[in-house]
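# Summary of structural features
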Amino acid sequence: MSPVLAGVLQLLALIAALALAYRPLGDYMAKVYSSDKHLRVEKWIYKGIGANPNTEMRWPAYLRGVLAFSAVSVLFLYLLQRLQGSLPGSLGFKAIDPDQAFNTATSFVANTNWQSYYGEQAMGHVVQTGGLAVQNFVSAAVGIAVAVALVRGFARSRTGELGNFWSDLVRGVVRILIPISVIGAIVLVACGAIQNFSGIHEVGQFMGGEQQWNGGAVASQEVIKELGTNGGGYFNANSAHPFENPNPISNLFEIFLILVIPFALTRTFGKMVGSVKQGYAILATMATIWLGFIALMMWTEFHHGGPAFDLAGGAMEGKETRFGIGGSAIFSVSTTLTSTGAVNSFHSSNTGFGGGIDLLGMQLGEIAPGGTGSGLYGMLIMAIIAVFIAGLMVGRTPEYLGKKIGTREIKLAACYILVTPALVLGFTGASMAMDTPKNSMTNSGAHGFSEILYAFTSGANNNGSAFAGLNADTQWFNTTIGLAMLLGRFLPMVFVLALAGSLAEQKPIPATAGTLRTEKPLFTGLLVGTIMIITGLTYFPALALGPLAEGLAS
Amino acid sequence: MTTDTRKQEEPGSMTPTSTATPTRAPHQDVPTGHKPEDGKVGGGLFDPKQLLKSFPDAIKKLDPRIMVKAPVMFVVLIGSVLTTVLAVKDPGDWFGWAIAAWLWLTTIFANLAEAVAEGRGKAQADTLRKAKTDTVARRLSTDGKSEEQVPGTELKIGDLVVCEAGDVIPGDGDVVEGVASVDESAITGESAPVIRESGGDRSAVTGGTKVLSDRVVIKITTKPGETFIDRMINLVEGAARQKTPNEIALNILLASLTIVFLLAVVTLQPFAVYAGAEQSMIVLAALLVCLIPTTIGALLSAIGIAGMDRLVQRNVLAMSGRAVEAAGDVSTLLLDKTGTITLGNRQAAEFVPVSGTTEAEVADAAQLSSLADETPEGRSIVVLAKEKYGLRERHQGELVDAEWVAFTAQTRMSGVDVDGRKVRKGATGSVAAWVVERGGTVTPEAQELTDKISQAGGTPLLVALEDTEGARVLGVIHLKDVVKEGMRERFDELRRMGIKTVMITGDNPLTAKAIADEAGVDDFLAEATPEDKMALIKREQAGGKLVAMTGDGTNDAPALAQADVGVAMNTGTSAAKEAGNMVDLDSNPTKLIEIVEIGKQLLITRGALTTFSIANDVAKYFAIIPAMFAVVYPGLDKLNVMDLSSPKSAILSAVIFNALIIVALVPLALKGVQYRPMSADKMLRRNLGIYGLGGLVAPFIGIKIIDLIISLIPGLR
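Since this is a predicted model, take the numbers as computed values, not measurements. (Residues numbered from 1 in each chain as written. Chains lettered and ligands numbered in written order. Predicted model: local features only at pLDDT ≥ 70, side-chain atom pairs only at ≥ 80, totals over all residues. Heavy atoms only, no water.)

## Examining the sheet that holds strand 22 (residues 582–584) of chain B
All names here are of chain B. For the record, the criterion: A pair of strands counts as paired when DSSP detects no fewer than two bridges linking them. Secondary structure counts use DSSP, requiring at least four H or I residues in a row for a helix and at least two E residues in a row for a strand, with both numbered from the N terminus. Comment: axis = line fitted to C-alpha atoms, over the contacting stretch for helices; angle = value between 0 and 180 degrees taken between N-to-C directions.
Spatial ordering of the open sheet is given by 10-22-21-20-11-18-19, a layout of 7 strands whose pairing is mixed. The sheet is open, and its two edges are formed by strand 10 (316–318) and strand 19 (523–525), each paired on a single side. Here the average twist between neighbouring strands, direction ignored, is 20°. In the sheet, strand 18 (residues 500–504) pairs with strand 19 via 3 bridges, with the strands oriented parallel. Bridge assignment links Val502 to a residue of strand 19, and that residue is Asp523.

Written out as structure tokens, the structure reads:
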């Protein structure tokens, strides 16, 4: 079988699996966030944290919940790392430096999972399993909660109430993430991923010399790493490591886990706003971009000319032979288009264009299909912008899902789309203007620039993957990327929740023949165009000096 | 600008109406030069000379305090100043001068668009000012006995003033005593005089109009300086213009895009330095101006002014831009039956005989008895008799010794006594009483016939005769409301646009339903009281709909105020005009449909130019980025798909295109994009094709052409 065919078959299998899961999972999630009943275990948790899950929250209260919970999480994770030396089960690793501990704490709480450390050489069992893995669950649940709050903003009217943050958070973990993770972990273990609490093994290498192998609760962390679009690997090699991702089947399964919730949330959205067609339109937008990017990525990676590449069947540098170009291309596009920082190949070794596709994927704002929750709310913000610009062309002031997009709404949406470009371009610009940060580059020229651009793009968009090559464990990068992750995660949430509150207060406008039909393919096309043009225009100059300069040089 | 149909209106409204007695004076359909059937909003005229004429105003608008209100163009202004300073520092560089010059032109072109839009209102304002010459008022003392001469500007609310033939009315007010014919041409452009009388719905007078006959006492209701004419001047001049909600929202989005591009350009310098291709400030300023949405930023306020202006050209005054915007969003139209959907009056449709008489006999009697009825209904009977039964119209003078019984609102019948025969026609009750009085009986058959007509939505009139055989009913005249031509198509169109039409009438539900079905409206409100109307509006609004209506009476005022778009007729009371957010100077309620279309056209124009503006940027990147960086990364020259002659020419071409496109689009901004009623889907597809794809492609061609021209100029390399 040719590698191209293998890639296409993998893609088809993936699409089939996602299609099968779409309706049941989407409907189930809609039920989870609409039901009045609490499970017994949930009641214990509410009692334990002292929260009343039945009160309705307006947006400021909901936001306070999100921010307070996340602040406590950052603090807890920071302390856990700083105290690692005195904790049991730390495999003898010492406390993490303050700047790196700050970076890692914000990284995991912000659902980014940027890692400026080597997992197997820095983090013991307690921090990995009790700290990082817990955040993998809850940070994902926070993302879904905020998305659900925005959906409620569209679905509800004449009220400012958006639901209860604590109940949304707990249900997301208990009823969605944990059950799927349990099944997923078993599948991964069956594929060959490891799951134990053993220590470090010294193993002899084939070519002589010694090598360290860590044991650990890898499969359980791997599954939520993908399912929660987190990406922080147990090992530095991440999903390229055979303990995390042993074979093509596990590889495909991991991609499935990454995509299943973000895609299915569009069904949840459709259900909750009372029109599954609206959900399909959003799904179609996400899928169009995702498939387009995969096609581009496969094209550029397979068709990379030159004798060595021809022999290997394409650009095989930095890719695992067990996944091939197809499995790597689908993986890297799926992770950069969601906010998953996982990698199974080295993006830095992609062709110039391939690296550019990864970069642009993140720069779109992680919306196709995006992170758990954050993908949906990011896409809905873009839908608002698209409706606002082009919706006027049907001769009515803009409205989406029966809600007017007025001054307040557009102000919040505009603030939302300003955040990440400001962080990415601002910090990258500052880094390039200074001398020291540039010392972290491994490469010179356009590729070196891409390394830094990639780091901030990944951080501010809460992706977490690295271009490799950049030594990010410096005070400058730990701090600035930490800030980029924090602001890139929580500032947009402020605007999303404020927007949700203002939408929920409106009275709905009934749809007529004069209303812009947002469930039609035309709107999907319009939305894709708006996203590509707005993002493309923002980042085109930067991309031109990085991946484009590199890709066009050959 | 209007024709003489109004002449018929005034006498008509003065005489008591026929049996149908509409509660309001019938409205006349005044043609405005736009046939209702063509269903399309035409544009105003645009004369390129206006560009030149408005040039000085455009320069005056360069004041930074004014410019700062439009954030996008303010950035361009800063860019112009910056590049000029840089050009002065390095006077030998033609490129710096060229960029600076074109950035200034970009700014001026934007101001020019606004100035041209405003200029069109100025002419109209000047005409109005002439009407507002200082008048001397004859104020009545409080006891009403003595008069004193005071300047019109010193009048207070509540003052009583006297106006006689030849006087200019000194201020807005209501007639409290007397009847007069008034020339309102200063405001409406309509030369035929209108009648203003105390009490009722025709008491309002406007300052600046002229009394032509008789004497009236007017109670002043508005302070000098705030009169209708003052407000009109402000409106047409644009002085009172405030940004509309959607315009503000769009401005916010444009500002945020400007910030994004500012970031992209500012951070580009460190990237460029690293790449070894440091850029001059001039190039960066040029890039920034090309990227920020200058096209829509420049034309946004002109589009708004032009939208108001299009209403003014149709003799509609919108008191706020917000109302024009709301008009585009309207989803329910409340239309008065009389004058809007039907011609003002009922017309005879057939003559139905009782057994024992023929149709021709009824027609003859009906014609004879209607000769003394000057109401439109009476005239229509004579016309029907002539057209359908070939009965020559007889004149009152032809019959000697005839004793004519004229129609009055009290008797509600008319007729003639001639040759010992007495014929009468009129309201069923009156004629039946007349027959019974004379010893006749009204047969059950006649009763049945009238009931049938009533049930079909018509109005029955009885025709009776008294001769030697005694008094008896001959037959029944069927009066029908006549639906205006083309209304059904119009309503179909509105339905396709997603607008629901509700007919409002004082008729009983049966009659209302028949007319509603015939006209093709979606719904009707029968036996409507002002309270019913109000309740209907609130109900629609509670469902999230925006409602538009017309009205003229004082009891319409609350509903006009409640409606999202309330169009008051200029003939109406001042209370109605105060309550509505638009005034139609032609007092033509059908115009409501046009107002909705103008509102939509305004929004579409705004959206189309925004889309065009943003789509334009793609090509500019393809021109500028290779020009900036192909030196260090030769591969980037592959992006130079337009094959522009040199880096400097590429950047300059993009800047020139960016400036010229503003001027090129000024006519479109002023006229509005072509609008035809169609569903939202079709409209979006069409406009996305033209302005979205067009916006992507046009600059590639435009920049290439400009580059070709520049490359022909020797010495520019």
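## Points about the interface of chain B and chain A
Counted only if it meets this: Pairs of residues are marked as contacts when any of their non-hydrogen atoms sit within 4.5 Å. Buried area is a sum: the accessible area each of two parts loses on coming together, probed at 1.4 Å, counted once for each and added. Within this document, salt bridges are pairs made up of a side-chain nitrogen of Lys or Arg and a carboxyl oxygen of Asp or Glu, the two lying within 4 Å of each other.
In this assembly, 64 residues from chain B lie in contact with 62 residues from chain A. A combined buried area of about 5,100 Å² lies between chain B and chain A, and 76% of that area is made up of carbon and sulfur atoms. Among the residues chain B hides against chain A, the three largest losses belong to Phe271, Tyr274 and Leu684 of chain B. Together they make up 15% of the total. For the pair chain B and chain A, the interface holds 2 salt bridges. Where Asp681 of chain B meets Lys520 of chain A, a salt bridge forms, and the shortest distance between an N and an O atom there is 3.1 Å.

## Some points on the environment of Ala287 of chain A
Residues and elements named next belong to chain A. Stated precisely, the cut-off is as follows: For every residue, the accessible area (1.4 Å probe, protein chains only) is compared with the maximum for its type, and the residue is labelled buried under 20%, exposed over 50%, or partly exposed between those bounds.
Position of Ala287 relative to the elements: it lies in helix 10 (residues 276–302). Residue classification places Ala287 among the partly exposed positions, given a relative accessible area of 21%. Measuring from C-alpha to C-alpha, the distance between Ala287 and Phe263 comes to 8.4 Å, with 24 residues separating the pair along the chain.

## Observations concerning the UniProt feature "binding site: ATP" (unreviewed entry) in chain B
Residues and elements named next belong to chain B. The criterion, for reference: UniProt positions are given in the numbering used here, feature names are shortened, and annotations may be inferred rather than shown by experiment. Under this definition, polar contacts are N or O atom pairs within 3.5 Å; protein pairs additionally need one hydrogen-donor-capable and one acceptor-capable atom, and for neighbouring residues in sequence, both atoms have to be side-chain atoms.
UniProt records the feature "binding site: ATP" (unreviewed entry) for Asp373, Glu377, Phe407, Thr408, Ala409, Gln410, Thr411, Arg412, Met413, Ser414 and Lys425 in the present numbering. The topology assignment puts Glu377 in helix 16 (residues 376–389). Residue Glu377 is classed as buried on the basis of its relative accessible area, which comes to 2%. Within the secondary structure, Lys425 sits in strand 15 (residues 421–427). The contact partners of Lys425, leaving out residues within four places of it in the chain, are Ser369, Ser370, Asp373, Ile381, Met413, Ser414, Val431, Leu461, Leu462, Val463 and Ile477. One polar contact links Lys425 to Asp373, side chain to side chain, over a distance of 2.8 Å.

## Some remarks on the nonpolar core
In summary, soluble globular proteins display a tendency toward joint burial of nonpolar side chains. Put simply, the rule reads: Within this scheme, the nonpolar core is defined by two criteria: the residues are buried Ala, Val, Leu, Ile, Met, Phe, Trp, Tyr or Cys, and they are joined through side-chain atoms within 4.5 Å.
Counting residues in hydrophobic clusters, the biggest one holds 307 residues, and the most contacted among them are Ile261, Ile282, Trp290 and Tyr400 of chain A together with Leu333 of chain B. Top element by residues in this core is helix 24 (residues 591–629) of chain B. It accounts for 21 residues. In contact with Ile282 of chain A, other than residues within four places in its own chain, are Thr266, Phe269, Leu376, Met379, Leu380, Ala383, Tyr400 and Leu527 of chain A. One finds Ala366, Val382, Val423 and Leu461 of chain B within the second-largest nonpolar core, a separate group that totals 22 residues.

## Quick notes on the pairing of strand 1 (residues 136–140) of chain B
Residues and elements named next belong to chain B. With 4 of 5 residues buried, strand 1 is to be regarded as a mostly interior element. Where strand 1 and strand 2 (residues 147–151) come together, 5 bridges link them in antiparallel fashion. Each residue of the ladder has a partner; that of Ala137, found in strand 2, is Val150. Once strand 1 ends, the chain turns through 6 residues before running back antiparallel as strand 2, passing Gly144 with a positive phi of about 80°. In this structure, strand 1 lies alongside strand 3 (residues 160–164), joined through 2 bridges in antiparallel fashion. Residue pairing for strand 3: Arg138 is matched across the bridge by Val162.

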